[in-house]
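# An overview of the molecular structure
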Amino acid sequence: MRQAPVPYRRMVFVCTNVREEDGRPACGLRGSEKICEVLKEEVKKRGLKGKVRALKSGCMDLCESGPNVMIFPEGTLHCGVTAEDVPALIEKYLI
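Reading the values: rules and limits
Residues numbered from 1 in each chain as written. Predicted model: local features only at pLDDT ≥ 70, side-chain atom pairs only at ≥ 80, totals over all residues. Heavy atoms only, no water. Helix = DSSP H or I, 4+ residues; strand = E, 2+ residues; numbered from the N terminus. Buried < 20%, exposed > 50% of the residue type's maximum accessible area, 1.4 Å probe, protein only. Phe/Tyr/Trp six-rings, centres within 6.5 Å; stacked < 30°, edge-to-face > 60°. Core = buried A, V, L, I, M, F, W, Y, C linked by side-chain atoms within 4.5 Å. Contact = heavy atoms within 4.5 Å. Axes fitted to C-alpha atoms, helices over the stretch in contact; angles between N-to-C directions. Parallel < 35°, antiparallel > 145°, perpendicular 65-115°, else oblique. Left-handed = near helix turned anticlockwise from the far one by under 90°.

This part covers the side chain of Asn 68. Looking at where Asn 68 falls in the secondary structure, it is placed in the loop between β2 (52–57) and β3 (69–72). With a relative accessible area of 1%, Asn 68 lands in the buried category.

Written as structure tokens, this is what we have:
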């Protein structure tokens, strides 16, 4: 194993988990795929590829609050995110 510095100045994790029916809501069934897609498009459009990484994540175990987005290195959690919230996230974290 070797250690290396994180190559991105910011990472945006979007929960896209989909689970079989077990009574809990799943972020992946509530629009998180679209949220991640729009974030990735904005990263590319703003020339931030290689500096900012928007990516899908597995379950964050915060299903009832989702869709959920975590921003690092800030360690900030945004809950109940919709595609309409993406511009505000971009303004706050990608500019």
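Moving on: the packing of aromatic side chains. Applying the stated criterion to the full structure yields 1 aromatic pair. Relative to Phe 72, the ring of Phe 13 has its centre 5.9 Å away and its plane inclined at 80°; by these criteria the two rings are edge-to-face. With a gap of 59 residues between them, Phe 13 in strand β1 (residues 10–15) and Phe 72 in strand β3 connect regions that are remote in the sequence. Residue Phe 72 is classed as partly exposed on the basis of its relative accessible area of 35%.

A few words now on the nonpolar core. Proteins that are soluble and globular tend to have nonpolar side chains buried together. Ranked by size, the top nonpolar core spans 18 residues in total, and within it Val 12, Val 14, Ile 35, Leu 39, Val 69 and Leu 94 carry the most contacts. Elements with a minimum of two residues in this core: β1, α1 (32–45), β2, β3 and α2 (86–94). Apart from residues no more than four positions distant in its own chain, Leu 39 is found in contact with Val 12, Val 14, Ala 54, Val 86 and Ile 90.

Another point: the packing of α1 against α2. Remark: α1 packs on α2, axes separated minimally by 11 Å, with the N-to-C direction vectors making an angle of 45°. Comparing the axis directions of α1 and α2 gives the class oblique. You can see that α1 and α2 cross each other, and the crossing is right-handed. Contacts between α1 and α2 involve Ile 35, Val 38, Leu 39, Glu 42 and Val 43 on the former and, on the latter, Val 86, Ile 90 and Leu 94.

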